[in-house]
Amino acid sequence: MTKALLACRGLDVRYGERWLVRALHIEVGAGERWALVGPNGAGKTTLLQVLAGVRAPDGGMVELGGRPLDRWSVEELAGLRALVADRWFDPFGSRALDTVMAARYRFRFATAGASIKGGDEQALARQCLAAMDCEALAHRDVRQLSRGERQRVALAAGLAQQTPLVLLDEPISHQDPRHQVEVLRELSRRAPCTYVGALHDINAAARFATHALLLTGDGSWQAGASHSVLTQERLSPLFGTEIVQVQLDAHRIFVSTGGVPA
Amino acid sequence: MHFRELRPASFLALLAAAAILCLLAALRFGSVEVGTGALLHALVDRLRGGQHSSVAATVLSLRLPRALTGMAVGGLLALSGALLQALLRNPLADPYVLGVSGGASCAAIVAIALGAGAATIALFAAGGALAAMLLLFLLAHRALFVRGAALEQGRDTAILLTGVMIASLCAAALSLVLTLAPDGRLRTMVFWLLGDLGGAVSLGLATAALFGWLLLLFVGLRDARALNLMLGGELQAYTQGVATAQVRRRLIALTAVATGVAVALAGAVGFVGFVAPHLVRYVIGTDQRVVLPAASLLGAILVLLADTMGRSIAAPLQLPVGALTALVGVPVFLWQLRRP
C-alpha cells in the first residue's frame, strides 16, 4: 500500500453545535484530485480549513506526509500545502505580480541572494500568472481587478507556493465558461500536484476529480472514486432535488430538473 | 493611496537628509540664535572632545541632548504607530491606543504628585508602561496565545478593544490623581501630559535613546515581510508560512517598549505616532519594509520641527512640544488628503 499524502483518521468536525463530519476516514494519494461536493453550509470550507491545519479538528486527526498536522511547524506546513480561498482581503493596493511573489514567503532565505537580481523569482511568478491566463494583469492593482481575475491571481499565488498539496475553495466560482474549463484543465496538467477542492458545479467536479467526497452536513459522508460516487442516485438525495445524468459523447453531464427526488 | 514614481531608496535618503537638516535647525534656532558657522565649529570641537566655553558651545550642550532625545521620541512613536496601524489593520490606531502610554502616564503622574525627581518619574513611567503591557497580554490572552485562535474573525478587534479599555481605566485613575494632587505640582503634570522635552538634558541618555530607537526599528524590520502578508488576511498569511500569533505578540511587545521609552523620556507627545505613518503611506504605498523606516524618520523630523518652534515662537518662554506637534502635523496631513 502506498503511503497517503493526506489522511483523515476518524476526523470529527463541528461548527458550533452542529456536527459537519463524523468519523471521516479517507486517504488522498499523491497525484489524486478530490472534489468536495455538498449543499450550501455542508461544511466544505470548514473541512478545508481543518485539512489546511488552520482550524483544529474536534476529534480524530489529520495526517499530512505521514505525520499529524499539529506536529508540523507553520513554516513546514507552508511547504506542504497551499490554500486558495475564495475571499480576499486587499485593504491596501498591491500589484498582482507582487501578490503572487508574496506567496513565496517560505523561500525568503533561500532566495535572499537571488532576489537582489529578482530575476528568477519574478520569472516564476509570471509563469504562474500565465498558467492561470492572467499574465497581462501582472502590473495591475489587485483592487481594480474583476472578481474572476482576482480569483485567477489567487490561484496563481497558490501555485507559486510550490507545494505537493493544494487545497481549493470554490476555485472557479467567479470564472466565465472558458476559464472554468481552462483553469481546471491547467491544474490537472500540473502533475504530480494533488488537489482537494470544494466544487459547487457537479459537472466541473466530474470532469476534474479522480475522487469525490460527498458531505451532507449532518455528519454523514460518502467517499470514493469519482465515477462511482458522482451518480444521479447519490447526488439527488444529497442536494434534495432531482438530478439526472446524461451521457454526451465521453462526458457525463448532470442536469438538475427541479423535481423532487424519489 | 497613490503610487508615485519615487523609488523607496531615494525616498528614505530624502527623509534622512531632511532629518539631518532639521537637527541642525534645532541646534541653531531658539531663544538665543547662534551663527551656523560658530555652531558647526562648536559641534566639531565637541565631537573631538574639546572643552571650549564659547556661547555656541554652551548653547550646543543645552540643545544637542534635547534635539537628539526629540528625534528618538518621534522615531519611536512613529514606529509604534506604523506597526499598530498595520497589525490591527486600523488606520485610526496610534501608539496610545493599547493603553501602554496610559499606564506610563498614570505612574508618572503619581511620581510627580509624590514630589519625585526627573529620573524617578521616568522610571515610574517605564514601570507603568510595562504593567499596562502585561495587563494587555493577560486580558487578550486568547487572541495572542491560543493556536489558531488568532485566525478567528474579530480577533484584532478584541485586542484593540482590550487596549482601549486599559487606556480608559488609566485615564480615569489619572483624573483622580490630578484632582487630588497639590496645586503647586499641577503645572509640571500638565507639561508632562502634553509631552515636553524640557527634561532632556543628558547627552548620554539621549544617545542611548537614539540607539534604542534604531535597534527597535531593526527588530521591527525583521518582521516587515510577514506584516505585509498579514495585511492581506491572517489566514492567508498563516498558510503561506507566517507564524501570525508569534509575529503579533512580538510586535505588540515591541510597540509597548518603544512607546514606554518615548513616554518615559518626554511624556505623552501626541499626534506624531498617528500621522507620520499615514503621510508616508500616501507617498510610498504600504510595503512595510519601507513604511517602517520612513515613518520613523518622519516622526523624528516632526518632533524636531515642533520642538524648535516651541522654543522659538514665544522665546524666551518654552512651549511643550506636545502642544505643537498637531499644529505642525494637521496642516501637512490635510494638505495631503486634499491632493488628487
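Residues numbered from 1 in each chain as written. Chains lettered and ligands numbered in written order. Predicted model: local features only at pLDDT ≥ 70, side-chain atom pairs only at ≥ 80, totals over all residues.

Caption draft 1: The interface of chain A and chain B, seen in detail. Taken together, the contacts link 21 residues of chain A with 20 residues of chain B. Mapped by element, the contributors of at least two residues to the side of chain A that touches chain B are helix H2 (74-78) and strand S6 (81-84) of chain A. No other element matches H2 of chain A, which puts three residues into the side of chain A that touches chain B. Residues belonging to the side of chain A that touches chain B are distributed by class as follows: 14 nonpolar, two polar and five charged. (Contact = placed C-beta atoms within 7 Å. Helix = DSSP H or I, 4+ residues; strand = E, 2+ residues; numbered from the N terminus. Nonpolar A, V, L, I, M, F, W, Y, C, P; charged D, E, K, R; others polar.)

Caption draft 2: Structural context of the domain arrangement of chain A. All names here are of chain A. Examined at the domain level, chain A breaks down into domain 1 (1-80 + 164-230), domain 2 (92-162) and domain 3 (231-262). Listed per partner, the contact involves ten residues of domain 1 and eight residues of domain 3. It is helix H8 (residues 202-208) that provides the largest number of residues to the side of domain 1 that touches domain 3, a total of three residues. Among the residues making up the side of domain 1 that touches domain 3, the classes are represented as six nonpolar, four polar and no charged. (Domains from an automatic or database assignment.)

Caption draft 3: Representation of the pairing of strand S4 (residues 59-64) of chain A in the model. All names here are of chain A. Where strand S1 (residues 6-15) and S4 come together, five bridges link them in antiparallel fashion. Across the sheet, residue leucine 6 finds its bridge partner in S4, namely leucine 64. One ladder, built from two bridges, connects S4 with strand S5 (residues 67-68); its direction is antiparallel. Each bridged residue has a counterpart across the sheet, and for leucine 64 the counterpart in S5 is arginine 67. In this antiparallel pair of consecutive strands, S4 and S5, the connection spans two residues, and glycine 65 shows a positive phi of 60°. (Pairing = 2+ DSSP bridges.)

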